[in-house]
Each structure stands twice: as C-alpha cells, then as structure tokens.
Amino acid sequence: MINSKNDYLKYLKQDKLALGKNYKSPKLVHDEIWRFEILLRKTEYYVNCKKTFIGKLYSKVLQFLYYKKRLKYNTYIPLNVFGPGFSIAHFGSIIVNGNAKIGKNCRIQDSVTIGATNGASDAPVLGDNIFIGSGARIIGKVNIASDIAIGSNAVVVNNFNESGITIGGVPAKKISDNNSHSNLNKYLEIDK
C-alpha cells in the first residue's frame, strides 16, 4: 500500500518496469494502459496520504476520473489491492474484489476475475511474482504462494502453498514445476 511520497514514486517506477517502458513518460497513443496505471497509483497516493481539505477534495476528483476510466476499459481494479510492479497486459473484463491482496510484480491478462463467493468478504491473497493468464478465475478465500504462473482459463478455488510452479485446469491443479518469471518483464527486481 502507498503510504508516502517515496512509496508512490517506487510504485510508479516498478509499474513502468513491469510494463517494459524504457522512456520517460507515456506517449499520446498506444500507452493507455500505462496512463491508466499512473492514474491508479496517483489516486491511491492521494486517498491514502493527502488528508488536508484540498488533498481530500483532489482525491475525490481523482477517484471520479479513475471510475470513468474503469468503465471505459471494462477493468474493475479497486484501490490498494496490487503491490508495486503491477502490469496489465490487455484491457478487457478484468474484475478484482476490493478485499483481495496481491503482492509485487503481478502481470494480469484480459478476462480475469479475482473475487469472493456469494457476497463473502473473504477474497484471494496472492504472493509476489504472479502471472495470471487470460480468462483465469481465482475465487474465494484462497492463498497463492509466490512465483506461480496461473494458466489461461484456470479456475482456482483451492490454496497453492508451493512456490515456483504453474497451475491450470478446472479446478486448478499443479501442472509443472515452471515458475512465473519467464512471463514477467526481465527488468523487474525479482527476488530469486
């Protein structure tokens, strides 16, 4: 969670690396995802850290702008869920429960759901260096260890406490001993 200006700058830097951007700022076209993630982090920073009247007012403006972008891109990602090094590969039907907690260096594809069941507040907790393939569903009070790749269209409803594996299928099970690192950007600071 972003709790200071230093955290904010760290998150921006790590997200930029995760997206594979090696230039200073987003281009006018073709960098929509990067601009979306910058708005996410700026909104988190103001909501979490700016407690003055002007800061709270500006955070409301940012929340409204972020809400509009989420609707535009059909990408529901609540504040304060993803750690630094977050990377969206493609926009489109991404739904994340606000109670979920996801560590650093997560790459998420399109059509992914990370949610609770039957209106429960218990949501998934994912470790660091996670890759989530297109169409994957991670549902309920599940814990996913670090360095795991979740295959496309997998349905994860059970805990996976073994690090450095690939899971897939319906319901998901271990399918290989390959970790997620080849699916993450090579410039990220990944603890190996």
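Asks: Where do I start with the sheet that holds strand β7 (residues 125-126) in this structure?
Replies: As summarised here, the arrangement of the three strands in space is β4-β7-β10, forming an open sheet in which the pairing is parallel. Edge positions in the sheet fall to β4 (101-102) and β10 (143-144), since each has one partner strand and no second. With two bridges joining them, β7 and β10 adopt parallel strand pairing. The partner of Val125 across the bridge, within β10, is Asn143.

Asks: Can you walk me through the environment of Ser59 in this structure?
Replies: Residue placement: Ser59 occurs in helix α3 (residues 53-73). Ser59 sits ten residues away from Cys49 along the chain, and the two C-alpha atoms are 9.7 Å apart. Those residues in contact with Ser59, other than ones at most four positions away along the chain, are Tyr46 and Val47. At 2.8 Å, the side chain of Ser59 and the backbone oxygen of Lys56 are in polar contact.

Asks: How should I be thinking about the packing of aromatic side chains in this particular structure?
Replies: Both the distance between ring centres and the angle between the ring planes are used here to describe each pair of aromatic rings. One pass over the structure, following the stated rule, counts nine aromatic pairs. Geometrically, the ring pair formed by Tyr45 and Tyr46 is edge-to-face, given 5.4 Å between the ring centres and 80° between the ring planes. Seen in terms of ring centroids, Tyr46 and Tyr58 are 4.8 Å apart; in terms of plane orientation they differ by 80°. Their pairing is edge-to-face. With Tyr46 in helix α2 (residues 32-49) and Tyr58 in helix α3, the pair connects residues that are twelve residues apart, well separated along the chain.

Criteria and thresholds
One numbering rule holds for all chains: residues counted from 1, following each sequence as written. It should be noted that, the model being predicted, local features are given only for residues of pLDDT at least 70 and side-chain atom pairs only at 80 or more, the latter also being counted only at that level, while totals for whole chains, interfaces and linings use all residues. Excluded from the side-chain calculations are hydrogens and water; all other atoms, namely the structure's heavy atoms, are used. Pairing between two strands requires that DSSP report at least two bridges joining them. Put simply, DSSP H or I for four residues or longer makes a helix, DSSP E for two residues or longer makes a strand, and each gets a number counted from the N terminus. It only takes one pair of heavy atoms within 4.5 Å for two residues to be counted as in contact. Distance and chemistry together define a polar contact, namely a pair of N or O atoms within 3.5 Å, with one atom able to donate a hydrogen and the other to accept it when in protein, and with adjacent residues in sequence counting only for side-chain atoms on both sides. Classification of ring pairs rests on two measures: the distance between centres of Phe, Tyr or Trp rings, Trp counted by its six-membered ring, which must be within 6.5 Å, and the angle between planes, read as stacked under 30 degrees, edge-to-face over 60 and tilted in between.

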